[in-house]
Amino acid sequence: MKKIVIRIMLIVTCLLLTGCGKQDNVIEERNIVGGWDIDVPIKQLVIPDNIKDVFDRATSNYDKMTLTPISLIGKQIVAGTNYMFLCKGEDSKTTKWVLVTIYLDPSNNAEIKNVKYLNLNKYVNVDSEYNYTQTIGGWSVYKDIVPNIDTNIEEVFNKATADNEKYYYVPIALLGEQIVAGTNYAVLALGQSLENPDIYSINILTIYSKLDGTAELTSSSYIPLGQYSN
């Protein structure tokens, strides 16, 4: 009788966890960080046709995962040009955000330089201010970004960032959401310094949308692009 009771308890526990022995893998693979889920609706932003062509040529034979470019976020002039894209990476088991660096050589040949996982753990609810002296390895931020996220999220974003006295923020993509007493959103955003308008950075903002309809910016952490290019 005890064995039957134990088995029943195990079955109930598995059902509550949506699959015994599988949930941990799902959490890791879908990049749910403390309840953060990246599997959110998203639209591709406009990437210039000539640069989209560079991406398509470089990734045409890449078979480790399907790479969907969401936005061009930076470039680096070398002997040729490196371009960095925010992409959604998917295979049969995983969905995650990745930063993909593409190298275009002087002969117009394009190839993938690297694909690096963007771990939200490092950036959500963490403040790290871009102080103008921190180098991003010669990377310049792509500035011609047009917001193309869900209008409801954009409204929340604008409420949370409207009174910021240091930066003007433009949303690039919704990276994840977390249901609390209200909702937390992780948003990739372009930041422009109000003190020095020539200074731009790529940031992950944590925004808290409250049940009363108000919203606040709870953290802003800049992404050092140079760390993702090598």
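The shown structure was predicted, so the numbers you read here are calculated from the model rather than taken from an experiment.

Right, let's get into the overall build of the protein. Each helix and strand in the protein was counted, giving four helices and nine strands. Each helix and strand of the protein, placed in order from N terminus to C terminus, yields the pattern α-α-α-β-β-β-β-β-α-β-β-β-β. The proportion of buried residues among the 230 residues of the protein is 44%. Of the contacts made within the protein by residues no fewer than 6 positions apart, 58% connect residues no fewer than 24 positions apart. Only carbon and sulfur atoms are counted for the fraction: they give 51% of the accessible area of the protein, which is about 12600 Å².

Attention now moves to the sheet that holds strand β1 (residues 66–78). The antiparallel open sheet is built from five strands, whose spatial order is β4-β3-β2-β1-β5. Where the open sheet ends on each side, the last strands, each with one partner, are β4 (110–117) and β5 (140–141). The pairing of β1 with strand β2 (residues 80–90) spans eleven bridges and is antiparallel. Of the residues in β2, the one forming a bridge with L72 is F85. Helix-sheet contacts for helix α3 (residues 49–59) involve β1, β2, β3 (95–104) and β4, and the interaxial angle to β3 is about 100 degrees.

Before going further, it helps to examine unusual backbone geometry. Its identity as a non-glycine residue notwithstanding, N108 has a phi of 75 degrees, on the positive side. Assignment of secondary structure puts N108 in the loop between β3 and β4. Judged by its relative accessible area of 45%, N108 is partly exposed. Even without a glycine there, the phi angle at N125 is positive, about 55 degrees. Position of N125 relative to the elements: it lies in the loop between β4 and β5.

This part is about the sheet that holds strand β6 (residues 167–180). What the four strands build is an open sheet, ordered β6-β7-β8-β9; its pairing is antiparallel. Each of the sheet's edge strands pairs with one partner strand only, and the pair in question is β6 and β9 (215–222). Averaged over neighbouring strand pairs, the angle between their axes works out to 25 degrees when direction is ignored. Direction of pairing for strand β8 (residues 200–209) relative to β9: antiparallel, over a ladder of seven bridges. Bridging across to β9, Y208 finds its partner in E216. Helix-sheet contacts for helix α4 (residues 151–161) involve β6, β7 (182–193), β8 and β9, and the interaxial angle to β8 is about 100 degrees.

Moving on to the confidence of the model for the protein. When pLDDT is averaged along the protein, the result is 78; 76% of the residues meet or exceed 70. Mean pLDDT values over the elements of the protein span from 28, in helix α2 (residues 23–29), up to 95, in β4. Of the regions scoring below 50 in pLDDT, residues 1–42 engages in 58 contacts with residues more than four places distant in sequence or in other chains.

Cut-offs used in this document
- Sequence order as written defines the numbering, with residues in each chain counted from 1.
- pLDDT decides what is reported in this predicted model: residues at 70 or higher carry local features, side-chain atom pairs at 80 or more are listed and counted, and totals for whole chains, interfaces and linings draw on all residues regardless.
- Computation of side-chain values covers all heavy atoms of the structure but excludes hydrogens and water.
- To qualify as a helix, a DSSP run of H or I must reach at least 4 residues; to qualify as a strand, a run of E must reach at least 2; elements of each kind are numbered from the N terminus.
- Between buried and exposed lies partly exposed: a residue is buried under 20% and exposed over 50% of the maximum accessible area for its type, with that area taken using a 1.4 Å probe on protein chains only.
- Should any heavy atoms of two residues lie within 4.5 Å, those residues are considered in contact.
- Using a 1.4 Å probe, the Shrake-Rupley method yields the accessible areas, and only the shown protein chains count as cover for residues.
- Whether two strands pair depends on DSSP finding at least two bridges between them.
- Lines are fitted to the C-alpha atoms to define the axes, a helix being fitted only along its stretch in contact, and any angle between axes, read from their N-to-C directions, falls within 0 to 180 degrees.
- As a per-residue quantity, pLDDT reports the predictor's confidence and falls between 0 and 100.

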